[in-house]
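Below, each chain spelled out in residue letters.
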Amino acid sequence: MMNADLRRERAAATFQPELLTHVLDGGAERTRRRKEIEALVFNDPDFQHEDLNFLSRSQRYEQAVRKSALMVMKLREYGIADPEEIYWFKSFVHRGRPEPLDLHLGMFLPTLLTQATPEQQDRFFMPAWNLEIIGTYAQTEMGHGTHLRGLETTATYDPATQEFILNSPTVTSIKWWPGGLGKTSNHAIVLAQLYTQGQCKGLHAFIVPIRQLGTHEPLPGITVGDIGPKFGYDEMDNGYLKMDNFRIPRENMLMKYAQVEPDGTYVKPLSDKLTYGTMVFIRSLIVGDSARSLSRACTIAIRYSAVRHQSELKPGEPEPQILDYQTQQYKLFPLLATAYAFHFVGAYIKDTYRRVSGDINEGDLSELPELHALTAGLKAFTSWTASAGIEECRMACGGHGYSRCSGIPDIYVTFTPSCTYEGENTVMMLQTARLVEAAAKNLQAELNHRKSKEDAWNRTSVDLVRASEAHCHYVIVKLFTAKLSEISNAAVRAVMTELCLLYALYGISKNTGDFLQAGILTSAQVTQVNQHVKELLGIIRPNAVALVDSFDFHDVHLGSVLGRYDGNVYENMFEWAKKSPLNNTEVHESFHKHLKPMQAKL
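Worth saying up front: this structure is predicted, and the values here are computed from it rather than measured. (Residues numbered from 1 in each chain as written. Predicted model: local features only at pLDDT ≥ 70, side-chain atom pairs only at ≥ 80, totals over all residues. Heavy atoms only, no water.)

> So what exactly am I meant to see when it comes to the packing of helix 16 (residues 490–510) against helix 18 (residues 523–540) here?
Running from amino to carboxyl end, helix 16 crosses helix 18 at an angle of 145°, the nearest separation of the two axes being 9 Å. In terms of crossing hand, the pair formed by helix 16 and helix 18 is left-handed. On the side of helix 16, the interface is formed by Glu498, Leu499, Leu501, Leu502, Leu505, Tyr506, Ile508 and Ser509, while helix 18 contributes Val529, Asn530, His532, Val533, Leu536, Leu537, Ile539 and Ile540. Residues belonging to the contact of helix 16 with helix 18 are distributed by class as follows: 12 nonpolar, three polar and one charged. (Axes fitted to C-alpha atoms, helices over the stretch in contact; angles between N-to-C directions. Helix = DSSP H or I, 4+ residues; strand = E, 2+ residues; numbered from the N terminus. Left-handed = near helix turned anticlockwise from the far one by under 90°. Contact = heavy atoms within 4.5 Å. Nonpolar A, V, L, I, M, F, W, Y, C, P; charged D, E, K, R; others polar.)

> Explain the packing of helix 6 (residues 102–115) against helix 7 (residues 118–129) here, please?
It is at 10 Å that the axes of helix 6 and helix 7 come closest, and there the two elements cross at 160°. With respect to each other, helix 6 and helix 7 are oriented roughly antiparallel. Crossing hand, helix 6 versus helix 7: left-handed. In contact with His104, Phe108, Leu109, Leu112, Leu113 and Gln115 of helix 6, helix 7 contributes Gln120, Gln121, Phe124, Phe125, Ala128 and Trp129. Across the contact of helix 6 with helix 7, the residue classes tally to eight nonpolar, four polar and no charged. (Parallel < 35°, antiparallel > 145°, perpendicular 65-115°, else oblique.)

> I would appreciate a short explanation of the nonpolar core in the present structure.
Nonpolar side chains tend toward joint burial in soluble globular proteins. Membership of the largest hydrophobic core comes to 87 residues, with the highest contact counts inside it found for Ile302, Phe333, Tyr340, Phe480, Met496, Tyr503 and Leu547. With 12 residues, the top contributor of residues to this core is helix 9 (residues 326–361). Excluding residues that lie within four positions of it along the chain, Phe480 makes contacts with Ala337, Tyr340, Ala341, Phe344, Met496, Leu499, Cys500 and Tyr503. (Core = buried A, V, L, I, M, F, W, Y, C linked by side-chain atoms within 4.5 Å. Buried < 20%, exposed > 50% of the residue type's maximum accessible area, 1.4 Å probe, protein only.)

> Please clarify how the pairing of strand 8 (residues 239–243) should be interpreted in this entry.
Strand residues, when the strand is regular, have side chains that alternate between the two faces of the sheet. Burial of strand 8 is one-sided: the residues Gly239, Leu241 and Met243 facing one way are buried, the residues Tyr240 and Lys242 facing the other way are not. Alignment of strand 4 (residues 175–176) against strand 8, held across two bridges, turns out to be antiparallel. What sits directly across from Trp176, in strand 8, is Tyr240. As defined by bridge partners, strand 7 (residues 222–226) adjoins strand 8 across five bridges and the pair is classed as antiparallel. The partner of Asp226 across the bridge, within strand 8, is Gly239. (Pairing = 2+ DSSP bridges.)

Below is the structure:
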């Protein structure tokens, strides 16, 4: 039985959601294939499990490892090898949550592919593909994250034995945070400062075995473990790694670009920018993730707002759907427009990355700096916006949004770290800022006042970040607008045009000060912008539910009692609560231990 409100909402839509789903997926055939892979996972009894909210952290980790091992076997069994299809399969298995093999699949294997010599690939790639070797990517240290040049781990070449000696010389140099490092991995790609012939040659990557194959015990000279509970990521064993005079063969330095010869001679790479590739790739994934996570939160909040009735608009009349309140529309519809905008940006960056990667393989690096700056900015812009937007969706669900059964707390704690990893966002924005004009004038003025370029940069950095945000907003509006002309169905194009306009105008209305200050808009025009935003809310309202249906999240993937497709929220909330482990017994043991003795004294 479908909830009557949702049935009515869907009947009133002006377009067919599946046609918009095809636009998001990049064609009807890709939608069909995605659903086929989804069905493989969701209909497989091996991947069923109880609600993770009711498990301890250790149990969550174990479930995740179990499913990851199964997943690798099934990917082989089904012959799924396309990177995008692997990504779909993986996200359906883990329902959009992190898992212990994330860095093995997402960083260790790709780094071997892009930075290892053919000989190293022969030695490591197939064992890694078969999970004999499980790897992680150990870059971040306790004392340094985004500032890579500050990393302190050392790898000193010893020509007498043709080995590198790895050391964590200080407490702050202990590798800290890499996913899968704590308990899962037996190898790590370690980033360390290379010393040879008495000179430091900067950061290089080394393949370091950390646990004994077979017994999984840490190797002598290696101290490794889990860093403890975090804000979220319960199923991930983020770890620490300390190395004491740990020796690895010379052949374990990744040598596709830079080399150390047996006598210790250093051969430097053609370009120091070649190692950016993996990072740019991960950032492009984060933009897509921003879109998906925000879309999930919007789906939950908008469906629930159509089912939830509250207060009175007019005395004596029935309580309206909270989606009819303009304030609720003003919270949710700009976020809905943003989720669509980010989907198109994610697709654009992925295509650009593919194209530029092709160029890099041909030896053409001309577009890399621009791509690096743009992905840095868009990664920061989209992850900040999505993180705040997910939390706004949670609050728009009222009290029930705070319950884990809403699914939004989980989306938030799983997504929000992406504001920090692969480059802390403010730092990312400052990388993008090296393109922007208004801020440049301030920078020039500061330079005239002060001798030091670095001081001037720091003193204008707030302006620079704002300039970067404005630039990113502009790029996204441009991409969204360009996308409209590619949509063939008139009804779908019409509703997407309304969303695109809302995205652009809402962005202006949120930053009117900048537009007034720069003399781009008059105050009368600003009033018009604000008025138009409110009109668009009313225009989008009849299609709101159909627009989130178009994201096409299966209930299992959405993981939300509030955002269920059928809208039967309240009865399922009661069922969910009954399953809480605290309800396993009618009388909790604490009553007999602590409360009953008190009552006996009365």
